[in-house]
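# Per-entry structural report
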Amino acid sequence: MMADPPSGDRTIAFVISDVDGTLVTSDKSLTQRSRDAVRRLDAAGIGFTIASARPPMGLTSLIADLGLRHPIGAFNGSTLLAPDGHILAEHLIPEETARQAVRLLDGFGLDIWVFARGQWNLRDPHGSYTDLERRTLQAEPTRVEDLGPLLVGASKIVGVSADTDHLAACESRVSEALGHGADIHRSQAYYLDVTPYGRGKGTFVDEIARRLGIPRARIATLGDAANDVAMFARSGFSVAMGNATEAVKRAASAVTSGNDDDGFANAVDEFLLTR
């Protein structure tokens with residue numbers, strides 16, 4: 001990890017953005033203003049990439065659309081991929097932890113998705129938010145009768161529920177039960193993510209700094225959810241979206257407008273290109 005001096009050049013050299021709730025709108029589209037903002041960063045000599053809870057398959061179109069040239073963080077940053085889709089580094093959930101997670105999520109009556117073997121696997125193709133995820137990932141799920149054989153190599157397990165209050169209660173209980181076996185965060189109010197322990201968006205910031213030789217003090221991050229707070233903490237400047245919770249906003253250096261009001265582009269113009 002690159003140590004940052006207490007003083008020195010803190011101008012922004014690199015930007016890392018979350019995707020859902022930040023870079024794209026609620027209907028999962030990328031606005032022209034956001035595209036143009038990424039191009040303005042490039043013209044100013046500022047590097048750009050994304051870190052997302054999505055699997056690699058769900059980032060392909062964004063990588064192409066934005067012409068990304070630096071490592072990308074999938075599964076909350078626990079998997080690093082090159083712009084051509086090649087996996088640079090991958091971390092998996094330990095098998096026993098994965099099995100325990102599935103037992104817990106099952107017991108709470110949640111739909112369960114397992115991302116493993118490069119596929120989105122589930123038992124019920126008509127469950128809550130499955131159609132939304134199809135549109136988000138631009139991919140079809142693989143229906144399986146038994147999730148068990150997939151748990152020897154799971155990158156992410158998701159508990160899904162339309163009852164967001166119930167899912168919020170499940171978050172603390174699953175986190176307590178799994179301890180240091182996995183990281184537990186809601187990437188959306190209706191998705192409870194189980195990912196490899198200690199490998200999140202914060203460590204993705206560290207990895208970008210190490211690979212590109214950029215001090216963390218010169219990296220800016222943008223996000224809207226609890227899983228983005230670790231990314232805020234590891235960067236020199238951070239921006240929370242207007243649609244973020246108050247807790248996420250308090251963790252950021254600045255707050256912009258919502259993702260449906262071109263908050264990403266506004267943040268680039270107001271905060272990032274002026275520093």
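The rules behind these values
- Residues numbered from 1 in each chain as written.
- Predicted model: local features only at pLDDT ≥ 70, side-chain atom pairs only at ≥ 80, totals over all residues.
- Heavy atoms only, no water.
- Helix = DSSP H or I, 4+ residues; strand = E, 2+ residues; numbered from the N terminus.
- Rg over C-alpha atoms; globule rule 2.2 N^0.38 Å.
- Buried < 20%, exposed > 50% of the residue type's maximum accessible area, 1.4 Å probe, protein only.
- Contact = heavy atoms within 4.5 Å.
- Lys, Arg positive; Asp, Glu negative; His and termini not counted.
- Charge placed at Lys NZ, Arg CZ, Asp CG, Glu CD.
- pLDDT = per-residue confidence, 0-100.
- 1 Å grid on protein atoms, 1.4 Å probe; cavity = no way out; pocket = protein on both sides within 12 Å on 5 of 7 lines; lining within 4 Å.
- Points joined across faces, edges and corners; volume = space filled by probe spheres on them.
- Nonpolar A, V, L, I, M, F, W, Y, C, P; charged D, E, K, R; others polar.
- Pairing = 2+ DSSP bridges.
- Axes fitted to C-alpha atoms, helices over the stretch in contact; angles between N-to-C directions.
- Expected span 1.5 Å × (residues − 1).
- Arc of directions from axis to C-beta.
- Phe/Tyr/Trp six-rings, centres within 6.5 Å; stacked < 30°, edge-to-face > 60°.
- Right-handed = clockwise from strand over helix to strand, strands pointing away.

What follows covers the overall build of the chain. Helix and strand counts for the chain come out as nine helices and 14 strands. In terms of C-alpha radius of gyration, the chain reaches 18 Å, essentially the compact-globule figure of 19 Å for 275 residues. Counting across all 275 residues of the chain, residues that qualify as buried make up 54%. If you take every contact in the chain between residues at least 6 apart in sequence, the share linking residues at least 24 apart comes to 58%. Charged side chains in the chain number 28 positive and 36 negative. The centres of these two groups are separated by 4 Å.

Attention now goes to the confidence of the model for the chain. Low pLDDT means the predicted atomic positions in that stretch should not be read closely. Chain-level statistics for the chain give a pLDDT mean of 94 and a share of 97% at 70 or above. Within the model, pLDDT remains below 50 along residues 1-7, and this stretch shows twelve contacts once partners closer than five positions in the same chain are excluded.

Before going further, it helps to spend a moment on the layout of surface pockets. The space that makes up the largest pocket amounts to roughly 390 Å³. Among the elements that take part in the lining of the largest pocket, strand E10 (residues 182-188) stands out by supplying three residues, more than any other. When the residues that make up the lining of the largest pocket are grouped by side-chain class, the tally is seven nonpolar, eight polar and five charged. Volume-wise, the second largest pocket comes out at about 190 Å³. Around the second largest pocket, the lining is made up of 15 residues, and of these Pro56, Phe75, Glu90, Arg117 and Gly118 lie nearest the centre. Of all the secondary-structure elements, those providing two or more residues to the lining of the second largest pocket are strand E5 (87-90) and strand E6 (111-116). Grouping the constituent residues of the lining of the second largest pocket by class yields eight nonpolar, five polar and two charged.

Let us look at the sheet that holds strand E4 (residues 79-81). Note: strands within a sheet are paired through backbone hydrogen bonds, in either parallel or antiparallel orientation. As summarised here, the arrangement of the three strands in space is E3-E4-E5, forming an open sheet in which the pairing is antiparallel. Because the sheet does not close on itself, it has two edges, and the strands there are strand E3 (72-74) and E5. Taken pair by pair, the neighbouring strands of this sheet meet at an average axis angle of 20°, ignoring direction. Its contacts with the sheet put helix H6 (residues 201-212) on E3, E4 and E5, and the angle it makes with E4 is roughly 40°.

Another point: empty space enclosed by the protein. Take a probe with the size of a water molecule and roll it over the atoms, and the empty space left behind shows itself. Scanning the model with the defined rule gives two cavities of 30 Å³ or more in all. Space inside the largest cavity adds up to approximately 170 Å³. Looking at the largest cavity, it is lined by 19 residues, and the ones nearest its centre are Asp20, Ala53, Ser187, Gln188 and Tyr191. Put simply, the parts of the chain that give the lining of the largest cavity at least two residues each are helix H4 (130-137) and E10.

The next thing to look at is helix H1 (residues 32-43). The first and last C-alpha atoms of H1 sit 16 Å apart over twelve residues, in line with the 16 Å expected at 1.5 Å per residue. When we look at burial in H1, the residues that qualify are Ser34, Ala37, Val38 and Leu41. Seen end-on, H1 carries its buried residues on one side only, within an arc spanning 100°. Elements in contact with the buried residues of H1: strand E1 (14-17), strand E2 (47-50), helix H2 (60-66) and helix H9 (263-272).

What follows concerns the packing of aromatic side chains. Applying the stated criterion to the full structure yields eight aromatic pairs. For the pair tyrosine 129 and tyrosine 190, a centre-to-centre distance of 4.1 Å together with 10° between the ring planes defines the contact as stacked. A residue pair is termed long-range when its members are at least 10 positions apart, and tyrosine 129 in the loop between strand E7 (119-122) and H4 and tyrosine 190 in the loop between E10 and strand E11 (191-196) qualify at 61 residues. Residue class for tyrosine 190 comes out buried when judged on its relative accessible area of 16%. An aromatic cluster of at least three residues, connected via ring pairs, comprises Trp113, Trp120, Tyr129, Tyr190 and Tyr191.

With that settled, the discussion passes to the sheet that holds strand E14 (residues 254-255). As summarised here, the arrangement of the five strands in space is E2-E1-E12-E13-E14, forming an open sheet in which the pairing is parallel. What marks the edges here is a single partner per strand, and that holds for E2 and E14. When E1 meets E2, the two strands line up parallel, connected through four bridges. Residue pairing across strands places isoleucine 16 opposite threonine 49, the latter belonging to E2. In this fold H6 packs onto E1, E2 and strand E12 (219-223), with an angle of close to 150° to the strand it touches most, E1.

To continue, consider the pairing of E7. Relative to E7, E6 runs antiparallel, the two being bridged by four bridges. Pairing of tryptophan 113 across the sheet is with leucine 122, part of E7. Where E6 folds back onto E7 in an antiparallel hairpin, the turn is made up of two residues, including arginine 117, whose phi is positive at roughly 55°. In this fold, E7 hands off to H4, which returns the chain to strand E8 (residues 142-143); that crossover is right-handed.

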